[in-house]
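Chain residues, written in single-letter form:
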Amino acid sequence: MINLVLFGPPGAGKGTQSDMIKEKYNLVHLSTGDLLRGEIKAGTPLGIKAKELMDQGQLVPDEVVIGMIDSKIKANKEGNGFIFDGFPRTVAQAEALDGLMSENDIAISGMVALDVDEEELTKRILKRGETSGRTDDQNEDLIRNRVKEYNTKTAPVANFYEAQGKYKAIGGVGSIEEIFTNLCAAIDSL
Ligand code: B4P
């Protein structure tokens, strides 16, 4: 079993690479961004509250995302493993994830991070915003706020895994195939 955390700032390519990694390693892909967008689409109370925060470039509360992930881990723990995409995004989420994993007698194998500079992130997200229909992708100030949230609340999560000897970073600029090859090499070395 292999349980991966794919890490990086908004627009780093986590969703793009997760789709390829889940196929290659036969993993269950858990994206908190996708789960939240599913709640928004279904018009649930959770989705309505989450949309308000996401549209301001802010993170949704830890207990909301932890609750969504908890049931997914329980339902899929007999498989080949998980790829967590966009989660954990705070140290509190990382601590909760370790707890949820050990309750199910499994553990995180490692975190692999994609390094991309802010100008490239902004460019990518604005381009995606032309077709994605995502309101959080269409305004440059809001995108910069997402990057700010990442730098203050999410970046420290890397230290959490580094302290456990479970952290690797690779360059996230270049062709999607080239980055995928480097990611797989990092995963295979975990
Ligand atoms: P997410 O859905 O996780 O979205 P993301 O960070 O924008 O994107 P990702 O890194 O997956 O980029 P992608 O591959 O699509 O989060 C959205 C919001 O949900 C957050 O802001 C937050 O409010 C909330 N949220 C989610 N999880 C949460 C949590 N755990 N706690 C609290 N709040 C949470 O790539 C971006 C674009 O770049 C795409 O258009 C892609 O085609 C392009 N691209 C990819 N690789 C490329 C490459 N190599 N070269 C050029 N372009 C590339």
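This one's a predicted model, so the numbers in the text were calculated from it and none came from an experiment.

The rules behind these values
Residues numbered from 1 in each chain as written. Predicted model: local features only at pLDDT ≥ 70, side-chain atom pairs only at ≥ 80, totals over all residues. Heavy atoms only, no water. Axes fitted to C-alpha atoms, helices over the stretch in contact; angles between N-to-C directions. Helix = DSSP H or I, 4+ residues; strand = E, 2+ residues; numbered from the N terminus. Parallel < 35°, antiparallel > 145°, perpendicular 65-115°, else oblique. Left-handed = near helix turned anticlockwise from the far one by under 90°. Contact = heavy atoms within 4.5 Å. Core = buried A, V, L, I, M, F, W, Y, C linked by side-chain atoms within 4.5 Å. Buried < 20%, exposed > 50% of the residue type's maximum accessible area, 1.4 Å probe, protein only. Near = heavy atom within 4 Å. Polar contact = N/O pair within 3.5 Å; in protein donor to acceptor, adjacent residues only side chain to side chain. Areas by Shrake-Rupley, 256 points an atom, 1.4 Å probe, with all protein chains shown as cover. 1 Å grid on protein atoms, 1.4 Å probe; cavity = no way out; pocket = protein on both sides within 12 Å on 5 of 7 lines; lining within 4 Å. Sits in = over half its atoms within 2 Å of the grid points. Nonpolar A, V, L, I, M, F, W, Y, C, P; charged D, E, K, R; others polar. Phe/Tyr/Trp six-rings, centres within 6.5 Å; stacked < 30°, edge-to-face > 60°. Pairing = 2+ DSSP bridges.

*Asks:* Hey, could you run me through the packing of helix 4 (residues 62-76) against helix 5 (residues 91-103) in this one?
*Replies:* For any two helices packed against each other, one specifies the inter-axial angle together with the distance between the axes. Their axes nearest at 10 Å, the elements helix 4 and helix 5 cross at an angle of 20 degrees. Judged on the interaxial angle alone, helix 5 and helix 4 are roughly parallel. In the packing of helix 4 onto helix 5, the handedness of the crossing is right-handed. Counting all contacts with helix 4, which are made through Asp62, Val65, Ile66, Ile69, Asp70, Ile73 and Lys74, the residues of helix 5 involved are Ala92, Gln93, Ala96, Leu97, Leu100, Met101 and Glu103.

*Asks:* What is the right way to read the nonpolar core from this model?
*Replies:* A general feature of soluble globular proteins is that nonpolar side chains tend to end up buried together. In terms of nonpolar packing, the biggest core is built from 29 residues, with Ile73, Phe84, Leu97 and Tyr161 touching the most fellow members. Broken down by secondary-structure element, the contributors of at least two residues to this core are strand 1 (4-7), helix 3 (45-54), helix 4, strand 3 (82-85), helix 5, strand 4 (110-115) and helix 8 (156-162). Looking at this core element by element, the count peaks at five residues for helix 4. Beyond its immediate chain neighbours, meaning those up to four positions away, Leu97 contacts Val5, Ile73, Phe84, Phe87, Pro88, Ile108 and Tyr161. Counting residues in each nonpolar core, the second largest holds 20 residues, with Ala12, Leu27, Val112 and Ile179 among its members.

*Asks:* Could you clarify how one ought to interpret the site of the ligand in this entry?
*Replies:* In the region of the ligand, 29 residues are neighbours, and Thr16, Thr32, Gln58, Arg128 and Arg146 sit closest. Arg37 places a polar side-chain atom, nitrogen or oxygen, 2.8 Å from an oxygen atom of the ligand. In isolation the ligand has 1000 Å² of accessible area, and contact with the protein removes 87% of it. Of all the cavities here, the one that holds the ligand is the largest pocket. At the level of secondary structure, the elements contributing two or more residues to the shell around the ligand comprise helix 1 (14-25), helix 2 (32-42), helix 6 (118-132) and helix 9 (176-188). The greatest single-element share of the shell around the ligand, amounting to four residues, is contributed by helix 2. By residue class, the composition of the shell around the ligand is eleven nonpolar, ten polar and eight charged.

*Asks:* I tried to follow the packing of aromatic side chains on my own but got confused; where do I start?
*Replies:* Aromatic ring pairs are defined here through the distance separating the ring centres and the angle between the ring planes. On inspection of all chains with the given rule, the structure shows four aromatic pairs. When the centroid spacing of 5.5 Å and the interplanar angle of 25 degrees are considered together, the rings of Phe82 and Phe84 count as stacked. Judged by its relative accessible area of 0%, Phe82 falls in the buried class. On the basis of relative accessible area, Phe84 is assigned to the buried category, the value being 0%. Summarising the aromatic geometry, the rings of Phe84 and Phe87 are spaced 6.3 Å apart at their centres and angled 50 degrees between planes, so their arrangement reads as tilted. For the pair Phe84 and Phe87, one class covers both residues: buried. Feature note: the residues Phe82, Phe84 and Phe87 constitute an aromatic cluster, connected by ring pairs.

*Asks:* Can you walk me through the environment of Gln58 in this structure?
*Replies:* When you line up the elements, Gln58 lands in the loop between helix 3 and helix 4. A residue is classified by how much of its surface remains accessible, and Gln58, at 33% relative accessible area, is partly exposed. Between the alpha carbons of Gln58 and Cys184 there is a distance of 31 Å; along the sequence they are 126 residues apart. Side chain to side chain, Gln58 and Gln56 meet in a polar contact 3.3 Å long.

*Asks:* Mind showing me how you'd approach the sheet that holds strand 1 here?
*Replies:* Taken in spatial order, the five strands of this open sheet run 2-3-1-4-5, and their pairing is parallel. Pairing within the sheet leaves two strands with one partner each, and these edge strands are strand 2 (28-31) and strand 5 (167-171). On average, each strand axis in the sheet is tilted by 20 degrees relative to the strand beside it, whichever way the strands run. Sheet topology places strand 2 next to strand 3; four bridges connect them, and they run parallel. The partner of Val28 across the bridge, within strand 3, is Phe82. Packed on one face of the sheet, helix 2 meets strand 2 and strand 3 and runs near 65 degrees to strand 2.

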